[in-house]
Amino acid sequence: MSVSTSHVERESKAVAAARASLDQRRRGLRALLPFLGPAFVAAVAYVDPGNYATNIQSGSEFGYKLLWVVILANLMAMLIQNMSAKLGIATGRSLPEMCRDHFPAWLTYVMWGFSEVAAMATDIAEFLGATLGLNLLFHIPMIIGTLLTGVVTYFILMLERFGFRPLEKFITAFVVVIALCYVVETAFARPNWGAIAYHSLVPWLGNQNAILLCVGVIGATVMPHAVYLHSGLTQRRIVARNADEKRKIARFNTKEVVIAMSLAGFVNLSMMFMAASVFHGTGHVGVADIGTAYKTLTPLLGSAAAAVFLISLLASGFSSSAVGTMAGQVIMQGFVGFSIPLWVRRVVTMLPTVIIVALGVNPTQTLVLSQVILSVVLPMPIVALVYFTSKPSIMGNLVNRRLTSVLAVVCAVVIVVLNAILLYLSFGGAL
């Protein structure tokens, strides 16, 4: 059987299962299963190695006090990713394509430029994370680890030749592995559950460094490329036959977003409260480096806990790097109407990481800085997303409710204000 024939058969089975759910011939969890995939692919961006850097630094320096930022960022992620998925379902177009269709050409090119910068910052974080994991776990030299990461992620992306389901299942498996690793890490760390509950709900910002990390955590959690990608994943996955089917597909996707983003939120919380319990709680308040975190974990919790930490980092780096490349394709094809071969994009996006590794730049500091860059770029896709999903002429019966649009605007305002504070502090200002 040829690859193309097998591809068609797999997709036809997935579509047939989805049709059965839409026609109510499948119920309960079985009805939801055909729609699981896009949100889990997008969720990988929310547990990428940049999260490790910002969450470990936040937890080790400030203990449990910044957990509320993770909760806030995750709630924002649920809202924004659901809107992105809904845009693809309602219009059959990705967010970048909608920008090209409705905005002036000059604005489209500006947005494309900023989005490519964000994609490059994302790829640096993901590549460095996987490279660090290979280096620390298997003692593979950093430069070789970078090249190996490129090869592995390229082969992961090749799964798309067999249809959307194999790639979705493979990346979903990575998300589950990361989550299971942090279940184990939580058991090792024995965190203070009372402190977790309190600081997850009560905001705290103590100093300038806390604000910088707050922006970094949001930048590491709500990802611009994931906002663009999610609409591309849903735009032609299951094509609705009428307005009623669009509504049903959107409801299934909302459930998937809640499940996938909740899982990502648990991982992010676990990263921070593990660092708070193990590092801050034992006086290691200066752990701001993934390598240092690994070396410190070994004597504090044992080699098994340290190995589990690195396994989760590897799974995060490989899967998020593949998803970042997918997002780059959606961004380029949507904004400017052309694409480049997958292997060319893979090589080009590797180059900044290769240069950073070759120059010996501190990987974790680079990871944190990349997340700040992402947070600065983030308002652009959110504003565009709110604009499109609030227009009945574009969305039809899937148009945002007023409350949804208000909450999305609040998210954008919060991000813009945090970024303004960050820039003020960066240029010598003081609070």
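Residues numbered from 1 in each chain as written. Predicted model: local features only at pLDDT ≥ 70, side-chain atom pairs only at ≥ 80, totals over all residues. Heavy atoms only, no water.

Enquirer: Would you take a moment to explain empty space enclosed by the protein for this structure?
Expert: Leftover empty space is mapped by rolling, across the atoms, a probe with the size of a water molecule. This structure, assessed with the given rule, holds two cavities of 30 Å³ or more. Here the largest cavity defines a volume of roughly 40 Å³. Lining the largest cavity, in full, are Phe35, Ile89, Thr234, Arg237, Ile238, Ile249 and Asn253. For the lining of the largest cavity, the residue count by class is four nonpolar, two polar and one charged. (1 Å grid on protein atoms, 1.4 Å probe; cavity = no way out; pocket = protein on both sides within 12 Å on 5 of 7 lines; lining within 4 Å. Points joined across faces, edges and corners; volume = space filled by probe spheres on them. Nonpolar A, V, L, I, M, F, W, Y, C, P; charged D, E, K, R; others polar.)

Enquirer: I keep staring at the side chain of serine 200 and nothing clicks. Help me out?
Expert: Secondary-structure assignment places serine 200 in helix α10 (residues 193–201). Within polar-contact distance, the side chain of serine 200 engages the backbone oxygen of isoleucine 196 at 2.6 Å. (Helix = DSSP H or I, 4+ residues; strand = E, 2+ residues; numbered from the N terminus. Polar contact = N/O pair within 3.5 Å; in protein donor to acceptor, adjacent residues only side chain to side chain.)

Enquirer: Can you help me understand helix α7 (residues 105–138) in this one?
Expert: For an α-helix, the turn length of 3.6 residues means that residues three or four places apart are oriented alike. With 34 residues, α7 extends 48 Å from end C-alpha to end C-alpha; this agrees with the ideal 50 Å at 1.5 Å per step. Two residues or fewer past α7, histidine 139 is found with a positive phi of approximately 60°. (Expected span 1.5 Å × (residues − 1).)

Enquirer: Before we go on, may I ask you to explain the nonpolar core in this structure?
Expert: As a rule of thumb, nonpolar side chains are buried together in soluble globular proteins. Tyr52, Leu95, Phe309 and Phe388 are the most contacted members of the largest nonpolar core, which totals 124 residues. Discounting residues that sit within four places of it in the chain, leucine 95 has contacts with Leu87, Val227, Tyr228, Ser231, Pro381, Ala384, Leu385 and Phe388. (Core = buried A, V, L, I, M, F, W, Y, C linked by side-chain atoms within 4.5 Å. Buried < 20%, exposed > 50% of the residue type's maximum accessible area, 1.4 Å probe, protein only. Contact = heavy atoms within 4.5 Å.)

Enquirer: What is the right way to look at unusual backbone geometry in this model?
Expert: Across the chain, the bulk of peptide bonds are trans and the bulk of non-glycine residues have phi less than zero. Although it is not a glycine, glutamine 24 adopts a positive phi angle of roughly 65°. Relative to the helices and strands, glutamine 24 resides in the loop between α1 (3–22) and α2 (29–32). Positive phi values are uncommon outside glycine, yet histidine 139 reaches one of about 60°.

Enquirer: Looking at this structure, how should I read the pattern of salt bridges?
Expert: A side chain of one charge can pair with a side chain of the opposite charge when the charged atoms of the two come close. Counting across every chain of the model gives nine salt bridges. Linking arginine 241 and aspartate 23 is a salt bridge whose minimum nitrogen-to-oxygen distance equals 3.4 Å. Here arginine 241, found in the loop between α12 (224–234) and α13 (243–278), pairs with aspartate 23, found in the loop between α1 and α2; they are 218 residues apart in sequence, far enough to count as distant. With a relative accessible area of 51%, arginine 241 lands in the exposed category. Residue aspartate 23 is classed as partly exposed on the basis of its relative accessible area, which comes to 38%. (Salt bridge = Lys/Arg side-chain N within 4 Å of Asp/Glu carboxyl O.)

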